Amino acid sequence: EAGDTTATARLLTLSNNEVSFSGIIATTQDLDFFRINVPSAGTLAVTANPWFSTENTKGNNLDIDLQVFNSAGTLIGSHSPSDVATASVTVNVVAGDNYIRLDGVAGGIYTDYGSIGQYNLEAVFAAGNTVTTTQPSTATTTTTTSAAGCQNDELESNDSVSSATSVATLPYSNTLSICSGDMDVFVVNICAGGAVEVVASFDHSDGDIDMDLIIDGAVRSRSDSATDNEALTVQNTGANDGLVYFAVYGYNGVSNPSYTINIAQSQSCNADDTTTTTTTTTTTTTTSRSQAST
């Protein structure tokens with residue numbers, strides 16, 4: 001169990017410049033603090049994901065508020081989006097201790113009373129990198145200068161469900177970039193009876209990319225292999241159209257200067273589909289780091 005203050009924070013030790021931890025927010029009063037010591041100036045990319053079920057459920061009960069503090073206890077970065085339960089931020093750090101605070105909060109479909117549960121925390125340190133961050137009320141927008149010279153793509157800032165890129169015509173294809181701490185979110189309307197396949201094509205050696213399916217503000221499925229490319233398929237088995245979101249991001253906050261997103265209809269619609277709602281029932285296919293991916 002992590003401590004509830006910086007003084008009692010759980011120590012997380014970097015290995016190959018990264019560290020991960022699985023924990024739980026047990027009550028509405030529970031706070032989890034972590035201490036990470038970095039060897040030099042650079043950036044620290046922190047991602048906190050609630051536990052999620054892979055199919056046909058809301059997926060999780062925990063909506064995460066993420067804060068990062070320096071050794072003096074000064075807040076240097078935070079993320080608490082209202083439209084998704086995950087949180088991530090990349091901050092500038094100097095050599096020494098830094099602190100991460102996780103809290104379960106109200107947001108979207110969640111109440112503060114019910115925002116408890118398991119989570120996975122990941123942090124990645126990059127020596128010599130710098131990041132300039134602005135923090136609106138519901139999302140973090142990041143412009144990054146990395147060792148590889150990553151540049152934000154033409155769709156920024158599409159870093160959250162509320163600012164997602166709308167894909168109105170299928171098939172859709174675009175070549176984009178993921179900079180450190182970045183996320184590209186796309187929204188697609190799936191007709192009743194129809195199915196959509198989304199493929200993110202990239203060279204794993206340039207930076208590992210993962211992809212989430214988000215419905216009703218919760219992650220429903222994830223493609224997170226440790227090789228080239230990620231793919232998700234979602235089918236709308238309901239009677240009406242429905243909106244789904246796909247979020248593409250770097251594993252542990254890494255960057256990839258070039259990936260291609262392809263979104264295509266993989267199954268035809270019902271002939272009598274006439275009404276649009278935001279309620280869908282889905283089945284998904286996904287890969288994971290424990291499985292082979294092609």
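Residues numbered from 1 in each chain as written. Predicted model: local features only at pLDDT ≥ 70, side-chain atom pairs only at ≥ 80, totals over all residues. Heavy atoms only, no water.

Asker: Account for the side chain of Asp153, with residues named and values stated.
Answerer: Counting through the fold element by element, Asp153 comes out in the loop between strand S11 (141–145) and strand S12 (165–167). When its relative accessible area of 13% is taken as the criterion, Asp153 is described as buried. At 3.0 Å, the side chain of Asp153 forms a polar contact with the backbone nitrogen of Leu155. Among the polar contacts listed, one links the side chain of Asp153 to the backbone nitrogen of Ser177, at a separation of 3.2 Å. Apart from the residues within four sequence positions on either side, Asp153 is in contact with Leu176, Ser177 and Asp184. (Helix = DSSP H or I, 4+ residues; strand = E, 2+ residues; numbered from the N terminus. Buried < 20%, exposed > 50% of the residue type's maximum accessible area, 1.4 Å probe, protein only. Polar contact = N/O pair within 3.5 Å; in protein donor to acceptor, adjacent residues only side chain to side chain. Contact = heavy atoms within 4.5 Å.)

Asker: Explain the sheet that holds strand S6 (residues 75–79) to me, and be specific about the residues and the numbers.
Answerer: The strands making up a sheet associate through backbone hydrogen bonding, with each pair oriented either parallel or antiparallel. Pairing within the open sheet is mixed, and its five strands lie in the order S1-S3-S8-S5-S6. Edge positions in the open sheet fall to strand S1 (10–12) and S6, since each of these has one partner strand only. This sheet shows a mean twist of 25 degrees between the axes of neighbouring strands, independent of strand direction. With four bridges connecting them, strand S5 (residues 64–69) and S6 associate as antiparallel partners. Within the sheet, the bridge partner assigned to Gln67 lies in S6 and is Ser78. (Pairing = 2+ DSSP bridges. Axes fitted to C-alpha atoms, helices over the stretch in contact; angles between N-to-C directions.)

Asker: How would you explain the nonpolar core if you had to name every residue and give the values?
Answerer: Of all hydrophobic cores here, the largest spans 26 residues; its most connected members are Phe34, Ile36, Ile100, Leu102, Tyr119 and Leu121. If you list the elements that add at least two residues to this core, you get strand S2 (18–25), strand S3 (31–38), strand S4 (42–50), S5, strand S7 (87–93), strand S8 (96–104) and strand S9 (117–127). Listed in part, the 24 residues of the second largest apolar core include Tyr172, Met211, Leu232 and Val234. (Core = buried A, V, L, I, M, F, W, Y, C linked by side-chain atoms within 4.5 Å.)

Asker: Residue-level account of the state of the cysteines, with values.
Answerer: Overall, the coordinates contain one disulfide when judged by the stated rule. Disulfide partner of Cys191: Cys269, at an S-S distance of 1.7 Å. Between Cys191 and Cys269 the sulfur-sulfur dihedral comes to about -80 degrees; the bridge is accordingly left-handed. Placement of Cys191 in the loop between strand S14 (183–190) and strand S15 (195–201) and of Cys269 in the loop between strand S20 (256–267) and strand S21 (284–285) is noted, with a sequence separation of 78 residues between them. (Disulfide = S-S within 2.5 Å.)

It is worth stressing that arrangement in space is one thing and function is another; only the former is reported here.
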